[in-house]
Amino acid sequence: MFSNVNKQFLIFLFFVLLSGIFWLMTTLNESYEQEVKIPLRVVGVPKSIVLTSATTDTVRVTVNDKGWVIFSYLYGKQLKTINASFKSYDRGNGGGVISSAELKRMVEQQMELSSRVVSIKPDKMEFFYNNGEYKRVPVRWTGRIIPDQMYFISDVEYSPDSIDVYASREKLDSIHAIYTEPLNYVGFRDSLLIECRLSHPNDVKVVPSRISIHFHTDVLTEEVIDGIPIRCINLPPGKVLRTFPAKAKVHFVAGVRQLRGLRAEDFTVVADYNEIVLSRSEKCNIYLHSAPDGISRARLDVSEVDYLIEEE
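Within each chain, residues carry numbers counting from 1 in the order of the written sequence. Per-residue local features are limited, in this predicted model, to residues with pLDDT of at least 70; the limit for side-chain atom pairs, both in listing and counting, is 80 or more; totals at the level of whole chains, interfaces and linings are taken over all residues. As a convention, hydrogens and water are excluded, and side-chain values are obtained from all of the structure's heavy atoms.

Caption draft 1: Molecular detail of the packing of aromatic side chains. Two rings from Phe, Tyr or Trp (for Trp, the six-membered ring) form a pair when their centres sit within 6.5 Å of each other. Planes less than 30 degrees apart are called stacked, planes more than 60 degrees apart edge-to-face, and all others tilted. Considering all chains together, one arrives at six aromatic pairs under this definition. Ring centres 5.6 Å apart and planes at 45° place the aromatic pair Phe86 and Phe127 in the tilted group. Linking Phe86 in helix α3 (residues 86–89) with Phe127 in strand β7 (residues 125–130), this pair joins segments that are 41 residues apart in sequence. Throughout this description, buried means an accessible area under 20% of the type-specific maximum (1.4 Å probe, protein chains only), exposed means over 50%, and partly exposed covers the range between. The class of Phe86 is buried, set by a relative accessible area of 5%. Three or more aromatic residues joined by ring pairs make a cluster, and in this case those are Phe86, Phe127 and Tyr129. Secondary structure is summarised from DSSP: a helix means a run of H or I of at least four residues, a strand means a run of E of at least two, and numbering begins at the N terminus for each.

Caption draft 2: Seen up close, the nonpolar core. Residues Leu40, Val61, Ile98, Leu103 and Met111 are the most contacted members of the largest nonpolar core, which totals 27 residues. Contributions of two or more residues to this core are made by β1 (31–43), β3 (56–66), α2 (67–75), β4 (82–85), α3, α4 (100–108), β6 (116–121) and β7. It is β1 that provides the largest number of residues to this core, a total of four residues. Only heavy atoms enter the contact rule, under which two residues are in contact if any of them lie within 4.5 Å. In contact with Ile98, not counting residues within four places along its chain, are Leu40, Ala84, Tyr89, Leu103, Met106, Lys124 and Met125. What makes a nonpolar core is a set of buried Ala, Val, Leu, Ile, Met, Phe, Trp, Tyr and Cys residues whose side-chain atoms join them at distances within 4.5 Å.

Caption draft 3: Looking closely at the side chain of Thr62. Along the chain, the position of Thr62 falls in strand β3. Setting aside chain neighbours within four positions, we find Thr62 in contact with Glu33, Gln34, Glu35, Arg116, Val117, Val118 and Ser119.

Caption draft 4: Broad picture of the layout of surface pockets. A cavity here means a set of points on a 1 Å grid, drawn over the protein atoms and nothing else, where a 1.4 Å probe fits but cannot get out; a pocket is an open set with protein on both sides within 12 Å along at least five of seven lines, and a residue lines either one if it has an atom within 4 Å of a point. Grid points are joined across faces, edges and corners, and a volume is the space filled by probe spheres set on the points. For the largest pocket, the calculated volume is near 550 Å³. Around the largest pocket sit 26 residues that line it, and Ser53, Ala54, Thr55, Asp57 and Asn202 are the ones nearest its centre. For the lining of the largest pocket, the secondary structure elements donating two or more residues are β1, β3, β7, β14 (192–199) and β15 (205–207). In terms of residues, the lining of the largest pocket owes the most to one element, β7, which gives four residues. Residue composition of the lining of the largest pocket, grouped by class: 13 nonpolar, eight polar and five charged. Only Asp, Glu, Lys and Arg are considered charged in this grouping, and only Ala, Val, Leu, Ile, Met, Phe, Trp, Tyr, Cys and Pro are considered nonpolar; every other residue, Gly among them, is considered polar.

Caption draft 5: Representation of the pattern of salt bridges. When a carboxyl oxygen of Asp or Glu is within 4 Å of a side-chain nitrogen of Lys or Arg, the pair counts as a salt bridge. Counted under the stated rule, the structure contains nine salt bridges. The residue Lys239 makes a salt bridge to Glu311 at a minimum N-O spacing of 2.5 Å. One end of the pair, Lys239, is in strand β17 (residues 239–244); the other, Glu311, is in strand β23 (residues 304–311), and 72 residues separate them in sequence. Here Lys239 falls in the partly exposed class, since its relative accessible area comes to 25%.

Caption draft 6: Main features of the side chain of Thr268. Positionally, Thr268 belongs in strand β19 (residues 268–272). Given a relative accessible area of 16%, Thr268 falls into the buried group. Engagement of the side chain of Thr268 in a polar contact is seen with the side chain of Ser290, the distance being 2.9 Å. The residues touching Thr268, leaving out its near neighbours within four places in the chain, are Arg231, Tyr287, Leu288, His289 and Ser290. Under the rule applied, a polar contact is a pair of N or O atoms within 3.5 Å (in protein, one hydrogen donor and one hydrogen acceptor; residues adjacent in sequence only if both atoms are side-chain atoms).

Structure representation (structure tokens):
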């Protein structure tokens, strides 16, 4: 009984397979339109020439033919990379163009006679080059890099921090930095390491085309530093300004790691003698003149103090 059931199952499986083959043959014998992608490469470039556009691009061809032919285009090895001769299409002005008619001719050479090319995208292929002129420019990031609350970006490291740009002389003069493709990272706490592409026009070549960026994070904290001497600016010879108190206190926000190295000497608080003389007030204004890089929301504990001007 068991072998009889197996035999019936095998017969059923055979007919299912046979009907599947007939269905596949019928389906593949129908006509279809399908887009296929064919790589195109510029070859025969002289050694003195540097292509500033991509050396290999892609031609998207919509073709009409039987299903089995389309299948061979998609999954077979019939469609190979199109090699376009640099010399044949060079216009001699820093660029070359392969027209739609030429693209169609080169594509049809690889296809079956029964195939009909419906459309080709793009309608023409352009390449650009120069004679090796380049310049080195810095890299900058663009986009949204926003750490979690109470965290901030304390430092940004690029690897490499500058790249070589190949383009026409006129374009090189206008390029002062190369930017990344827009980045979008929000709500992170730990330091962030990103590998990203560089954004540039089609007629510009950058080496390398990818870089690494390391965003270092730190925890924001509010701190106070006391004992900052109040100095007087624009003080004429023979005069001495004494303030009461003689030292100031500053409130600010900074990263935890940065706090370890901060001292009162890193801040400058001043009073302006010229302002004091003009105002003739009993108190003089004091200002936070300078503060270390990387701190924010810095403010003095008081904005005015008592003073006394003496002769030396």
